[in-house]
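# Examining the three-dimensional arrangement
Below, each chain spelled out in residue letters.
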Amino acid sequence: MKISILDDFMTPCAAFPVFKNSMAMMVLIRERTSIRAPLLDRLPKLKLISQRSVYPHIDIDACTRHGVIVSSSQHAGTPSYATAELTWGLVLSAMRQIPQQIAALREGRWQMGVGNSLREKTLGIFGFGRIGQVVAGYGAAFGMKVLVWSSEGPRTRARSQGYATAESEDASKHESRLADRTPLRSFVLCRRDTGRGCSATLLRFALASGCIAGQSWSAT
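Residues numbered from 1 in each chain as written. Predicted model: local features only at pLDDT ≥ 70, side-chain atom pairs only at ≥ 80, totals over all residues. Heavy atoms only, no water.

### Observations concerning the overall build of the chain
The helix and strand tally for the chain stands at 9 helices and 7 strands. Buried positions account for 37% of the 220 residues belonging to the chain. Accessible surface, the chain as shown: approximately 13300 Å² in total, 56% of it carbon and sulfur. (Helix = DSSP H or I, 4+ residues; strand = E, 2+ residues; numbered from the N terminus. Buried < 20%, exposed > 50% of the residue type's maximum accessible area, 1.4 Å probe, protein only. Areas by Shrake-Rupley, 256 points an atom, 1.4 Å probe, with all protein chains shown as cover.)

### Some words on the sheet that holds strand β3 (residues 69-73)
Spatially, β1-β2-β3 is the arrangement adopted by the 3 strands of the open sheet, whose pairing is parallel. The open sheet has two edge strands with one neighbour each: β1 (25-28) and β3. Across the sheet, the axes of successive neighbouring strands diverge by a mean angle of 15°, strand direction being ignored. The sheet contact formed by β1 and strand β2 (residues 48-52) spans 4 bridges and is parallel. Its bridge partner being in β2, M26 is matched across the sheet by I49. (Pairing = 2+ DSSP bridges. Axes fitted to C-alpha atoms, helices over the stretch in contact; angles between N-to-C directions.)

### Structural notes on helix α6 (residues 132-141)
Those residues of α6 not exposed but buried are G132, V134, V135, A136 and G139. Where α6 ends, the next residue or the one after it, G143, has phi of about 80°, a positive value.

### Some points on the pairing of β2
Of the two faces of β2, the one lined by I49 and Q51 is fully buried and the one lined by L48, S50 and R52 carries no buried residue. Here 5 bridges tie β2 to β3, and the two strands are oriented parallel to one another. Residue pairing in the sheet places S50 in a bridge with S71 of β3. Taken together, β2, helix α3 (residues 60-65) and β3 form a β-α-β motif whose crossover is right-handed. (Right-handed = clockwise from strand over helix to strand, strands pointing away.)

### Some words on the pattern of salt bridges
Within the structure shown, the criterion is met by 4 salt bridges. Across the salt bridge formed by R155 and E152, the nearest N and O atoms sit 2.6 Å from each other. Of this pair, R155 and E152 both sit in helix α7 (residues 152-160), separated by 3 residues, roughly a single helical turn. By relative accessible area, which is 12% here, R155 ends up buried. Accessibility expressed as a relative area gives 43% for E152, which makes it partly exposed. Via salt bridges that share partners, E152, R155 and R159 belong to a single interconnected network. (Salt bridge = Lys/Arg side-chain N within 4 Å of Asp/Glu carboxyl O.)

### Digging into the environment of T83
Relative to the helices and strands, T83 is located in helix α4 (residues 81-95). C-alpha of T83 to C-alpha of V134: the two residues are 51 residues apart in sequence and 9.3 Å apart in space.

This is how it looks when you write it as structure tokens:
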């Protein structure tokens, strides 16, 4: 068996020399490479595409026409612990300024600051699914006030688990990013598939006030 590995993002046309027209099976790890009809037309021997999770980047109708089976484990309801842990690592790193502390130490300077704590701050979560539920639990464990905005079903689930829910999307953004109008008072975590919560205005505010990086950044 001949195996070709594509270990960086490429457009489908650029990736074709790696795929080759003799490819019979494709295993996708990420969602960045679009699999559409023009690429499938050039892969006459392709019979199977295997991957994990959702597949908005794959043209299912085109695959059906070409006789290509798409196999994907949706793992509905299974918590995404790995993603949530990485998310929480970034939260702690930002609030405690860990990258800046490491850089200062390497330059021979000791303890440029102590950062900020999480307790009593508001954690705004947009989307209460496999990732959001786990992150909410981490926030509660750190003594944060968790505020959830999502569709009605997930909001009901959040309330049943003891979390506060916002009355509207606008209210959730306002309450979670401007609680008491105190900088570094809160975090807003946005799911990629509900990116409407991550407006340019919200991102600029979060960067400028330090809600994302734990320090004041210049936002353009």
